[in-house]
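Residue strings, one per chain:
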Amino acid sequence: MRLTIYGKGCSKCEKLQEYAESAAQELGLDYQVEKVTDMNLIIDAGVMHTPALAVDGEVVLEGRIGSVSHITELLQAAG
């Protein structure tokens, strides 16, 4: 599973990455994390508000961090 974190590298983006990795580990998933900080690439992905999380190329969370349990639910639904 590919987890993509979209954002400028702020503390919220770092927290979203931490939560996403915790959720993936909790589920025992085989995953890779990609960070996208280039604004042109963020816009090309259709992300209007950062931080954002995409799972296998599909944006599932945008403009907020979300809790670990919420991200766990998103990963289960995408998986």
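Check the entry above for the structure.
Residues numbered from 1 in each chain as written. Predicted model: local features only at pLDDT ≥ 70, side-chain atom pairs only at ≥ 80, totals over all residues. Heavy atoms only, no water.

Colleague: I tried to follow the overall build of the protein on my own but got confused; where do I start?
Modeller: A count of helices and strands for the protein gives three helices and four strands. Along the chain direction, N to C, the helices and strands of the protein fall in the order β-α-β-α-β-β-α. Taken along the three principal axes of its C-alpha coordinates, the protein extends 30 × 20 × 15 Å. Across the 79 residues of the protein, 33% fall into the buried class. Across the protein, every contact between residues at least 6 apart in sequence was considered, and the portion connecting residues at least 24 apart equals 64%. Only carbon and sulfur atoms are counted for the fraction: they give 45% of the accessible area of the protein, which is about 4600 Å². (Helix = DSSP H or I, 4+ residues; strand = E, 2+ residues; numbered from the N terminus. Buried < 20%, exposed > 50% of the residue type's maximum accessible area, 1.4 Å probe, protein only. Contact = heavy atoms within 4.5 Å. Areas by Shrake-Rupley, 256 points an atom, 1.4 Å probe, with all protein chains shown as cover.)

Colleague: Even after reading the chapter, I still don't get the pattern of salt bridges, so can you show me in this structure?
Modeller: Opposite charge on two side chains permits pairing when their charged atoms draw close. Under the counting rule described, the total for this entry stands at three salt bridges. Across the salt bridge formed by E14 and K35, the nearest N and O atoms sit 3.2 Å from each other. Here E14 is found in helix α1 (residues 11-26), whereas its partner K35 is found in strand β2 (residues 32-36), with 21 residues between them in sequence. For K35, a relative accessible area of 47% gives the class partly exposed. (Salt bridge = Lys/Arg side-chain N within 4 Å of Asp/Glu carboxyl O.)

Colleague: Help me out: how do you make sense of the pairing of strand β3 (residues 52-55) in this one?
Modeller: Taking every second residue as pointing to the same face, both faces of β3 are buried, with A52 and A54 on one and L53 and V55 on the other. In the sheet, β3 pairs with strand β4 (residues 58-62) via four bridges, with the strands oriented antiparallel. Opposite V55, over in β4, you have E58 as the bridge partner. Here β3 folds back onto β4 in antiparallel fashion, the turn holding two residues, of which D56 has a positive phi close to 50 degrees. (Pairing = 2+ DSSP bridges.)

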